[in-house]
Amino acid sequence: MTLLALETSCDETSAAVVRDGKVLANTVSSQIQLHAEYGGVVPELAAREHLRNLIPVAQAALAEAGVPAGQLDAVAATQGPGLPNALLVGFKAAQAVAFALGKPFIGINHHEAHLYSPWISNVRPASCRQNASDLVLAAGTTFGFADFAAFQPNISLIVSGGHTMIVLVKSELNHWVLGGTIDDAAGECFDKTGKLMGLAYPAGPEIDRLAEQGNPAAFAFPRPLLHDSSDDFSFSGLKTSVRYFIRDHPELLDDAQQTCDLCASVQAAIVEVLVKKTIRAARRNGVRCVTASGGVTCNRGLRQELARACEREGFTLRLADRVLCTDNAAMIGILAERKLLQPVTLPPLDEDIKPGWVLT
Ligand code: KG4
Ligand code: ZN
């Protein structure tokens, strides 16, 4: 089956072509620079950028895959959750393509797709190129493939700027959400504490970079809900504690080493909670495999600590490739194809987006 998938739920416009479990192309146009000026994603601007970029991004994916639109067997798009106007762009465009080609269309839950991105193997490093209209495209997952032969029941950690959740994936397409954040997401905590330090949005990657040269034990910050028996998270208290710490020690930010120590200490608090709760959930549910995806999974401290903890426990760890941690259409396409291979009743072509679609 050859399938075109579109993803426009937040601030990445992405198109992928998937064929029989292989990612033939995955093109991403990121809006990070646009939103950085405003310190966060501006929904109206995001939607306009998707409108501007979707067709070139989809054309680039089809060209890279060497697949003319007429050869597509199916079309998929993210249906939710996400920013309503952003979702509408990709979802309605994908339905229109399916209608024009007379092919099946399926809407995909963005978080469910994240559960399967760690199973996409052999991803080539991303390359960026700039075209005439100033569009930065990162294309790099060509010939990645879904390694479902290696699938094991797992605990999946999804950590991004908008979500933090722990999901038990019992078998393919069969999952159960165990817990999530009751306030801020982990990425939001990185971004907001970074803002307090004067770092540009999104601050996560910069905190990660500075933390490399810092001492994670320099300053003690709370580990919220670490000893709580649930699989829920809470990061707003940690953010507040960083706010008060900076208020009481403003001179610290004038010192490069102390700024690195602060970044390392904040990162250590976030990472410890994420890792310990994920491992505990795996033990409690008797699974021996942990997976992780979402933008925060790019964090080197998180990747390292998850690897250490899984090694100690004898667990298999599958981290999404960095290219596929952040939002991408490859994971949408891989899941869509998997679903279409099952006996599935296709929804009507005028079905609507589901901005508040909660994974259960
Ligand atoms: O998945 P994503 O691209 O978008 C959504 O939020 O859906 O995730 C973006 C989030 C931002 O909060 C960003 O700061 C965080 O992921 N992030 C990181 C790193 N790279 C991205 N956080 C910590 N360390 C990183 N290296
Ligand atoms: Zn995402």
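What counts, and at which threshold
- Residues numbered from 1 in each chain as written.
- Chains lettered and ligands numbered in written order.
- Predicted model: local features only at pLDDT ≥ 70, side-chain atom pairs only at ≥ 80, totals over all residues.
- Heavy atoms only, no water.
- Helix = DSSP H or I, 4+ residues; strand = E, 2+ residues; numbered from the N terminus.
- Rg over C-alpha atoms; globule rule 2.2 N^0.38 Å.
- Buried < 20%, exposed > 50% of the residue type's maximum accessible area, 1.4 Å probe, protein only.
- Contact = heavy atoms within 4.5 Å.
- Areas by Shrake-Rupley, 256 points an atom, 1.4 Å probe, with all protein chains shown as cover.
- Lys, Arg positive; Asp, Glu negative; His and termini not counted.
- Charge placed at Lys NZ, Arg CZ, Asp CG, Glu CD.
- Donors = N, O, S within 2.8 Å, 3.2 Å for Na, K, Ca; no water.
- Salt bridge = Lys/Arg side-chain N within 4 Å of Asp/Glu carboxyl O.

K.L.:
Give a description of the overall build of the protein that names residues and reports values.
P.N.:
For the protein, the count of helices and strands is 11 helices and 14 strands. Relative to the 2.2 N^0.38 estimate, which gives 21 Å for 360 residues, the radius of gyration of the protein is 20 Å and therefore close to what a compact globule would have. Overall, the C-alpha framework of the protein stretches about 65 × 50 × 35 Å when taken along its three principal axes. When burial is assessed residue by residue, the protein has 53% of its 360 residues classed as buried. Expressed as a percentage of contacts within the protein between residues at least 6 apart in sequence, the contacts between residues at least 24 apart total 74%. Of the roughly 14900 Å² of accessible surface on the protein, 53% is carried by carbon and sulfur atoms. The centroid of the 31 positive side-chain charges in the protein is displaced by 4 Å from the centroid of its 38 negative side-chain charges.

K.L.:
Outline the coordination of the zinc ion (ligand 2), supporting the account with residue identities and numerical values.
P.N.:
The zinc ion (ligand 2) binds to the protein through His110 (NE2), His114 (NE2) and Asp327 (OD); the donor distances cover 2.1 Å. Here the donor residues for the zinc ion (ligand 2) map to a single chain with the spacing H-x3-H-x212-D. Of this pair, histidine 110 sits in helix H4 (residues 110-116) while aspartate 327 sits in the loop between helix H10 (322-325) and helix H11 (329-340), and the two are 217 residues apart along the sequence. There is no split in this pair, since histidine 110 and aspartate 327 are both buried.

K.L.:
An account of unusual backbone geometry is requested, with residue identities and associated values reported.
P.N.:
In this structure, the amide linkage connecting glycine 80 to the following residue, proline 81, adopts the cis form with an omega of -10 degrees. Relative to the elements of secondary structure, proline 81 occurs in the loop between strand S4 (74-80) and helix H3 (84-101). Residue proline 202 follows tyrosine 201 across a cis peptide bond; omega there is -10 degrees. In this fold, proline 202 is placed in the loop between helix H5 (186-196) and helix H6 (204-211). Of note in this structure, aspartate 20 is not a glycine but carries a positive phi near 45 degrees. For aspartate 20, the position within the fold is in the loop between strand S2 (12-19) and strand S3 (22-30). Of note in this structure, leucine 225 is not a glycine but carries a positive phi near 60 degrees. Along the polypeptide, leucine 225 turns up in the loop between H6 and helix H7 (236-248).

K.L.:
Break down the pattern of salt bridges for me, citing the residues and quoting the values.
P.N.:
As enumerated under the stated definition, the model contains 17 salt bridges in all. One salt bridge connects glutamate 188 with lysine 192, and the closest N-O pair in it is separated by 2.9 Å. Of this pair, glutamate 188 and lysine 192 are both found in helix H5, 4 residues apart, which corresponds to roughly one turn of the helix. Glutamate 188 gets classed as partly exposed once you look at its relative accessible area, which sits at 22%. Across the pair aspartate 231 and arginine 284 runs a salt bridge, and its minimum N-O distance is 2.6 Å. With aspartate 231 in the loop between H6 and H7 and arginine 284 in helix H8 (residues 256-285), this residue pair connects regions lying 53 residues apart in the sequence. By sharing partners, the salt bridges in this structure join Asp184, Glu188, Lys192 and Lys239 into a single network.

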